[in-house]
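Coordinates in review
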Amino acid sequence: MLIKNQIYETVITDYTAEGQGVAHIEGCAVFIPNAIVGEKCTVRIEVAKKNWAAGKMVEILERSPHRINRVCPVAKLCGGCDLQHMDYAEEIRMKAERVRQCLNRLGGENLEKVDILAAADTTCYRNKAQYPVAAKNGKAYAGFFKAGTHQVTPNDRCGILPREMDDVKNAVIGWMNKNKVAAYDEANHTGLVRHIYVRRGAVSQQVLVCLAINGPAIPKASALIDELKKISGFATLVLSVNTKKGNAVLGDEFITLYGPGYIEDTLCGLNFRLSPRSFYQVNHAQAQRLYEAAISQAEITREDTVLDLYCGVGTITLCMAKAAGKVIGVEVVPQAVEDARDNARRNGMENAEFFCGDAGQAALELEKNGVKADVVVVDPPRKGLNADTIEALARFAPRRIVYVSCDPATLGRDVALLKERGYKVKNAMACDLFPRTVHVETVCLLSKLNTKQHIEINLDNGLHD
């Protein structure tokens with residue numbers, strides 16, 4: 001067991017899922033923030049357990065050629081960009097390797113390599129921001145939560161956001177301080193403005209502003225609207241009433257104060273309506289590449305029925321509707337389903353249907369009602385597929401499953417479960433939708449084995465007992 005506060009010399013050999021460096025000292029795995037594979041360094045042990053330890057880099061003895069200076073002054077404090085200490089070449093190598101390792105270790109694959117779609121632009125790419133609001137010495141300010149805390153770190157200019165989003169943040173904070181509008185105090189559940197939520201269309205450049213508030217209304221709304229009108233693209237202002245304690249940003253009640261309550265954007269040649277609760281990939285350029293890859297792999301024909309679980313506002317559903325005979329989307333958020341139906345109408349897609357409900361339960365209900373699916377698309381949240389959804393996929397037995405994942409670990413777990421139910425991984429490709437952060441997206445194609453193939457594979461694996 002390593003000794004706390006002792007300094008050791010070591011070499012970084014790998015990364016954790018959170019992007020920390022991994023070293024092995026005296027047979028113990030040590031996790032070290034801000035380290036890069038290949039670096040030789042000295043490390044002070046800060047946490048010492050029987051099988052693992054956490055350390056802090058003291059000195060870099062041999063510096064990686066991939067190490068660069070951080071461009072953001074609050075990168076170490078902010079919980080957003082974890083990888084500004086390494087160049088982009090090492091970042092995408094790390095992400096592709098993480099996907100490969102998860103599919104091999106958890107999914108039972110034996111992949112030698114996973115390709116990754118690298119981003120052409122690593123700055124100003126996000127089309128959505130959520131700024132928590134706080135106060136200090138009676139003055140409101142906004143920024144981002146420090147990693148692992150609810151302590152708000154101020155940030156004048158975020159490099160992965162379009163400038164208009166920071167302009168909105170500054171306008172709202174200026175209005176709050178001028179009109180003595182209180183920032184939300186999480187500890188005491190007092191104050192009014194909790195979060196400043198901003199969404200911007202990458203093509204339309206329309207800007208949606210939504211204030212999450214701890215109350216039914218805001219004072220001096222006209223003064224705020226006048227300030228927001230000075231910002232390029234400002235199109236609508238919405239209030240989200242959230243008077244509950246907890247971490248949720250948006251509430252269930254939405255009040256439109258200016259504009260239509262939504263913005264529009266274009267993706268894969270289709271026009272989409274986006275409300276505050278609508279799921280929409282935050283990186284427009286990379287999302288388009290990801291969806292094109294997913295659609296290409298699915299090999300959809302005019303005879304196919306496509307089922308899209310976790311469909312959001314129907315982006316990938318409607319993209320596939322252009323090639324399919326029929327598409328069915330399922331989404332649990334009512335506002336997103338309303339947007340999806342509107343998006344189908346505005347794009348003239350008459351072969352698309354949308355249902356509101358939990359993905360697994362809705363899929364099982366559709367299967368009981370005789371719906372057949374030739375291709376199923378799943379794009380679940382970070383926790384992956386639940387048991388109902390895995391069961392529904394097995395009962396549908398589609399020809400192909402296109403799994404779009406935002407967490408390689410749950411993807412690997414679910415791939416193993418789907419392989420037990422007669423599927424085989426045909427292809428996996430990573431896509432970097434979140435440059436400078438540790439997150440990575442993956443599109444994985446699984447194909448249905450015929451009965452004979454499945455029996456032979458089970459016999460080979462000794463699973464027939």
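Computed from a prediction, not measured in an experiment: that's the story for all the values here. (Residues numbered from 1 in each chain as written. Predicted model: local features only at pLDDT ≥ 70, side-chain atom pairs only at ≥ 80, totals over all residues. Heavy atoms only, no water.)

1. Regarding the overall build of the protein chain
Summing up its helical and strand segments, the protein chain has ten helices and 23 strands in all. The C-alpha atoms of the protein chain give 24 Å as radius of gyration, which agrees with the globular expectation for 465 residues (23 Å, within 12%). The principal-axis extent of the C-alpha atoms belonging to the protein chain is close to 75 × 65 × 40 Å. The burial tally for the protein chain puts 54% of its 465 residues in the buried class. Carbon together with sulfur atoms contributes 48% to the accessible area of the protein chain, which is approximately 21,000 Å² in total. The averaged location of the 55 negative side-chain charges in the protein chain is 5 Å from the averaged location of its 58 positive side-chain charges. (Helix = DSSP H or I, 4+ residues; strand = E, 2+ residues; numbered from the N terminus. Rg over C-alpha atoms; globule rule 2.2 N^0.38 Å. Buried < 20%, exposed > 50% of the residue type's maximum accessible area, 1.4 Å probe, protein only. Areas by Shrake-Rupley, 256 points an atom, 1.4 Å probe, with all protein chains shown as cover. Lys, Arg positive; Asp, Glu negative; His and termini not counted. Charge placed at Lys NZ, Arg CZ, Asp CG, Glu CD.)

2. Some words on the pairing of strand 9 (residues 139-145)
Pairing of strand 8 (residues 128-136) with strand 9, which is carried by four bridges, proceeds in the antiparallel orientation. Considered in strand 9, the bridge of Lys 136 is made with Lys 139. Adjacent in sequence and paired antiparallel, strand 8 and strand 9 are bridged by two residues, among which Asn 137 carries a positive phi angle near 55 degrees. Sheet topology places strand 9 next to strand 10 (residues 152-154); three bridges connect them, and they run antiparallel. Bridging from a neighbouring strand, Phe 145 pairs with Val 152 of strand 10. With antiparallel pairing between neighbouring strands as the criterion, strand 9 and strand 10 make up a hairpin whose turn holds six residues, including Gly 148 at a positive phi of roughly 75 degrees. (Pairing = 2+ DSSP bridges.)

3. As for the packing of helix 7 (residues 359-368) against helix 8 (residues 387-396)
The N-to-C vectors of helix 7 and helix 8 enclose an angle of 25 degrees; their axes lie 7 Å apart at closest approach. Our classification of the angle between helix 7 and helix 8 gives roughly parallel. By crossing handedness, the relation of helix 7 to helix 8 is classed as left-handed. The residues of helix 8 that touch helix 7, namely those facing Ala 359, Gly 360, Gln 361, Ala 363, Leu 364, Leu 366 and Glu 367, are Asp 388, Thr 389, Glu 391, Ala 392, Arg 395 and Phe 396. Split into classes, the residues belonging to the contact of helix 7 with helix 8 amount to six nonpolar, three polar and four charged. (Axes fitted to C-alpha atoms, helices over the stretch in contact; angles between N-to-C directions. Parallel < 35°, antiparallel > 145°, perpendicular 65-115°, else oblique. Left-handed = near helix turned anticlockwise from the far one by under 90°. Contact = heavy atoms within 4.5 Å. Nonpolar A, V, L, I, M, F, W, Y, C, P; charged D, E, K, R; others polar.)

4. Some remarks on the packing of aromatic side chains
Summed over all chains, the structure comprises three aromatic pairs. The ring of Tyr 184 has Arg 194 lying over it, and the distance from NZ or CZ to the ring centre is 4.2 Å. Positioned over the ring face of Tyr 262 is Arg 273, at 4.9 Å from the centre of the ring. (Phe/Tyr/Trp six-rings, centres within 6.5 Å; stacked < 30°, edge-to-face > 60°. Lys NZ or Arg CZ within 6 Å of the ring centre and 35° of its normal.)

5. Some points on the pattern of salt bridges
As enumerated under the stated definition, the model contains 27 salt bridges in all. Where Glu 264 meets Arg 346, a salt bridge forms, and the shortest distance between an N and an O atom there is 2.8 Å. Here the residue Glu 264 occupies a position in strand 15 (residues 263-267), and Arg 346 occupies one in helix 6 (residues 334-346), the gap between them amounting to 82 residues. Through salt bridges with shared partners, one network takes in Glu 264, Arg 273, Glu 338, Asp 339, Asp 342, Arg 345 and Arg 346. (Salt bridge = Lys/Arg side-chain N within 4 Å of Asp/Glu carboxyl O.)

6. Some thoughts on the side chain of His 85
Structurally, His 85 is set in the loop between strand 6 (52-62) and helix 1 (88-105). Its relative accessible area of 1% is what places His 85 among the buried residues.

7. Here's the deal with the sheet that holds strand 10
Read from one edge of the open sheet, seven strands run 10-9-8-11-12-13-14, paired in mixed fashion. At either margin of the open sheet sits one strand with a lone partner, and together these are strand 10 and strand 14 (253-258). Adjacent strand axes in the sheet meet at a mean angle of 35 degrees, parallel and antiparallel pairs treated alike. Across the face of the sheet, helix 2 (residues 163-179) comes into contact with strand 8, strand 9, strand 11 (193-200) and strand 12 (207-213) while running at roughly 150 degrees to strand 11. The sheet contacts of helix 3 (residues 221-228) involve strand 12, strand 13 (234-241) and strand 14, and relative to strand 13 the element is tilted by about 140 degrees.

8. Topic: the nonpolar core
Counting 91 residues, the largest nonpolar core has Met 176, Ile 196, Leu 211 and Leu 228 as its most contacted members. In terms of residue count, helix 2 provides more of this core than any other element does, seven residues in total. In this structure Met 176 touches Val 133, Ala 140, Val 181, Ala 182, Ala 183 and Val 193, once residues within four positions along its chain are discounted. In terms of nonpolar packing, the next biggest core, distinct from the first, is built from 33 residues, Leu 366, Ala 373, Leu 411 and Val 415 among them. (Core = buried A, V, L, I, M, F, W, Y, C linked by side-chain atoms within 4.5 Å.)

9. Observations regarding the confidence of the model for the protein chain
Averaged over every residue, the pLDDT of the protein chain is 93; residues scoring 70 or more account for 97%. Predicted confidence for residues 451-465 stays below pLDDT 50, and this span has nine contacts to residues more than four positions away or in other chains. (pLDDT = per-residue confidence, 0-100.)

10. Some words on the environment of Arg 105
Within the secondary structure layout, Arg 105 lies in helix 1. Taking relative accessible area as the criterion, Arg 105 reaches 61% and is therefore assigned exposed.

11. Notes on the pairing of strand 8
Across five bridges, the pairing between strand 8 and strand 11 is antiparallel. In the strand pairing of strand 11, Tyr 131 is matched with Ile 196.

12. Structural notes on helix 4 (residues 284-298)
For helix 4, with 15 residues, the first-to-last C-alpha span of 21 Å sits near the 21 Å given by 1.5 Å per residue. For helix 4, every residue scored as buried is listed here: His 284, Gln 286, Ala 287, Leu 290, Tyr 291, Ala 293, Ala 294, Gln 297 and Ala 298. One or two residues past the end of helix 4 sits Glu 299, with phi positive at roughly 50 degrees. (Expected span 1.5 Å × (residues − 1).)

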